[in-house]
Amino acid sequence: MSLLASNSSFYATFKSLGALYAFIFFGLFLDSYIIVNLTENAQLFANISMLTGFAITFWQVNSRVREQMIYAVLIAIVGEYLFSIVLGMYTYRLGNVPHYVPPGHALVYVGVLYFSKASSIIKNRKKIEKFFTIFIIIYATAFLIFTNDVFGFVMTAATLLILRNKPRERLFYLTMYITVAYLEIIGTNYLCWKWPSTAWGVFDFLPSFNPPSGISFFYFGLDLGTLWLYKKRHKLAWLRMKNIRKIRFNNSISSN
């Protein structure tokens, strides 16, 4: 059964986000403090796991998504070294950028993309967007109240304000927010990386938690960069696809 053409929302979610979340949980576990207490090669095991998962996914998706996966990896390499090594926005366990991280960004991108493009999900788009929005507001507010996560709350508010005027992209980015929140909670609790107590460890007026709730705001740059590079290489094909997506989106709105 095709994930995108499936009539079951449960099946589409299980095959996209379910598989992604399970892989995140297992992959980061290999670089966790638990495995570190057993072996010095924890990060190597995580790298091998990621390479395997990336290769399997790369083989299964179509050529367009494969190309976007490559762009996502390249942008992630630049972004990770900029934000982690140069700016010190967060710090990985060994003070490096683990090799599994850039391809991990690509897998997150693919998992969220396939979920948001599945026909069964699109049919229930408005309900899912409403549920995700309410969940995100409660999540960020709880972090603000109980952990003084001002930085995360500000980024969450900025994300939701921007998405108010982005109806076509809203489902994708709301899903990305929740996925990144899950990833960050797993990674920080496994002690794979950590965030400072203030934004960038510099801005004292923006207290932060480990992890900040709305950190997906910075992941959006990777998503936009990936699409921008693809559009630049395939201008005519992108224009045709954009027109088709516009027609489908308008039809979905009218049917609702």
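Only a predicted model underlies this, so the values are computations on that prediction, with no experimental measurement involved.

A. Looking closely at the overall build of the protein chain. Each helix and strand in the protein chain was counted, giving 11 helices and 4 strands. Sequence separation of at least 24 residues holds for 73% of the intrachain contacts in the protein chain that already meet a minimum separation of 6. Taken as a whole, the protein chain presents about 13,700 Å² of accessible surface, with 68% of it coming from carbon and sulfur.

B. Spatial organisation of the packing of helix 1 (residues 9-29) against helix 3 (residues 42-60). The contact between helix 1 and helix 3 brings their axes to 8 Å, and the two run at 155 degrees. The pairing of helix 1 with helix 3 is recorded here as roughly antiparallel in orientation. Crossing hand, helix 1 versus helix 3: right-handed. The residues of helix 3 that touch helix 1, namely those facing F23, F26 and G27, are A46, S49, M50 and G53. Split by residue class, the contact of helix 1 with helix 3 holds 4 nonpolar, 3 polar and no charged.

C. Region of the structure containing the pairing of strand 4 (residues 203-207). Two elements, strand 3 (residues 198-199) and strand 4, share 2 bridges in a ladder whose sense is antiparallel. Bridge pairing in strand 4 places T198 opposite P207. In sequence, strand 3 turns back onto strand 4 through a hairpin of 3 residues, with W200 there showing a positive phi of about 60 degrees.

D. Inspection of the environment of H99 at higher detail. Inspection of the secondary structure puts H99 in the loop between strand 1 (91-92) and helix 5 (101-117). Sequence spacing of H99 and I48 is 51 residues, and the spatial spacing of their C-alpha atoms is 9.3 Å.

E. Examining the packing of helix 7 (residues 125-147) against helix 9 (residues 170-189) more closely. Contact geometry of helix 7 with helix 9 gives a least axis separation of 10 Å together with a crossing angle of 40 degrees. Considering their axes alone, helix 7 and helix 9 lie oblique with respect to each other. Between helix 7 and helix 9 lies a crossing whose hand is left-handed. Residue-level inspection shows R125, I128, E129, F132, T133, F135, I136, Y139 and A140 of helix 7 in contact with helix 9, the latter providing R170, L171, L174, T175, Y177, I178, A181 and I185. Of the residues assigned to the contact of helix 7 with helix 9, the class counts are 12 nonpolar, 2 polar and 3 charged.

F. Looking closely at the pattern of salt bridges. All told, the structure shown has 4 salt bridges when counted by the stated rule. With its nearest N and O atoms 2.5 Å apart, the salt bridge here joins R93 to D31. Residue R93 is found in the loop between strand 1 and helix 5, and its partner D31 is found in the loop between helix 1 and helix 2 (33-36); the two are separated by 62 residues along the sequence. Residue classification places R93 among the partly exposed residues on the basis of a relative accessible area of 27%. On the basis of relative accessibility, which here comes to 0%, the residue D31 falls in the buried class. Residue E129 is joined to R170 by a salt bridge in which the shortest nitrogen-to-oxygen separation is 3.6 Å. Here E129 is found in helix 7, whereas its partner R170 is found in helix 9, with 41 residues between them in sequence. Salt bridges linked by common partners bring R125, E129 and R170 together as one network.

G. Geometry of the nonpolar core. In terms of nonpolar packing, the biggest core is built from 63 residues, with L28 and M69 touching the most fellow members. Considering each element in turn, this core owes the most residues, 11 residues, to helix 9. If near-sequence neighbours (up to four positions away) are discounted, L28 is found in contact with Y100, L183, I186, G187, Y190, C192 and W193.

H. Helix 1, seen in detail. Here helix 1 spans 28 Å end to end across 21 residues, near enough to the 30 Å set by a 1.5 Å rise per residue. Of all the bends in helix 1, the greatest, near 35 degrees, is centred on K15. The complete set of buried residues in helix 1 reads A12, S16, L17, L20, Y21, I24, G27 and L28. Close packing links the buried residues of helix 1 with helix 3, helix 5, helix 6 (119-123), helix 9 and strand 2 (193-194).

I. Region of the structure containing the packing of aromatic side chains. One pass over the full model with this rule turns up 22 aromatic pairs. In this structure an aromatic cluster arises from ring pairing among F83, F151, W200, F203, F205, F217 and F218. Stacked on the ring of F58, the Lys or Arg R66 has its end atom at 5.8 Å from the ring centre.

Rules of the game
- Residues numbered from 1 in each chain as written.
- Predicted model: local features only at pLDDT ≥ 70, side-chain atom pairs only at ≥ 80, totals over all residues.
- Heavy atoms only, no water.
- Helix = DSSP H or I, 4+ residues; strand = E, 2+ residues; numbered from the N terminus.
- Contact = heavy atoms within 4.5 Å.
- Areas by Shrake-Rupley, 256 points an atom, 1.4 Å probe, with all protein chains shown as cover.
- Axes fitted to C-alpha atoms, helices over the stretch in contact; angles between N-to-C directions.
- Parallel < 35°, antiparallel > 145°, perpendicular 65-115°, else oblique.
- Left-handed = near helix turned anticlockwise from the far one by under 90°.
- Nonpolar A, V, L, I, M, F, W, Y, C, P; charged D, E, K, R; others polar.
- Pairing = 2+ DSSP bridges.
- Salt bridge = Lys/Arg side-chain N within 4 Å of Asp/Glu carboxyl O.
- Buried < 20%, exposed > 50% of the residue type's maximum accessible area, 1.4 Å probe, protein only.
- Core = buried A, V, L, I, M, F, W, Y, C linked by side-chain atoms within 4.5 Å.
- Expected span 1.5 Å × (residues − 1).
- Bend = angle between axes of the 7 residues up to and from the residue.
- Phe/Tyr/Trp six-rings, centres within 6.5 Å; stacked < 30°, edge-to-face > 60°.
- Lys NZ or Arg CZ within 6 Å of the ring centre and 35° of its normal.

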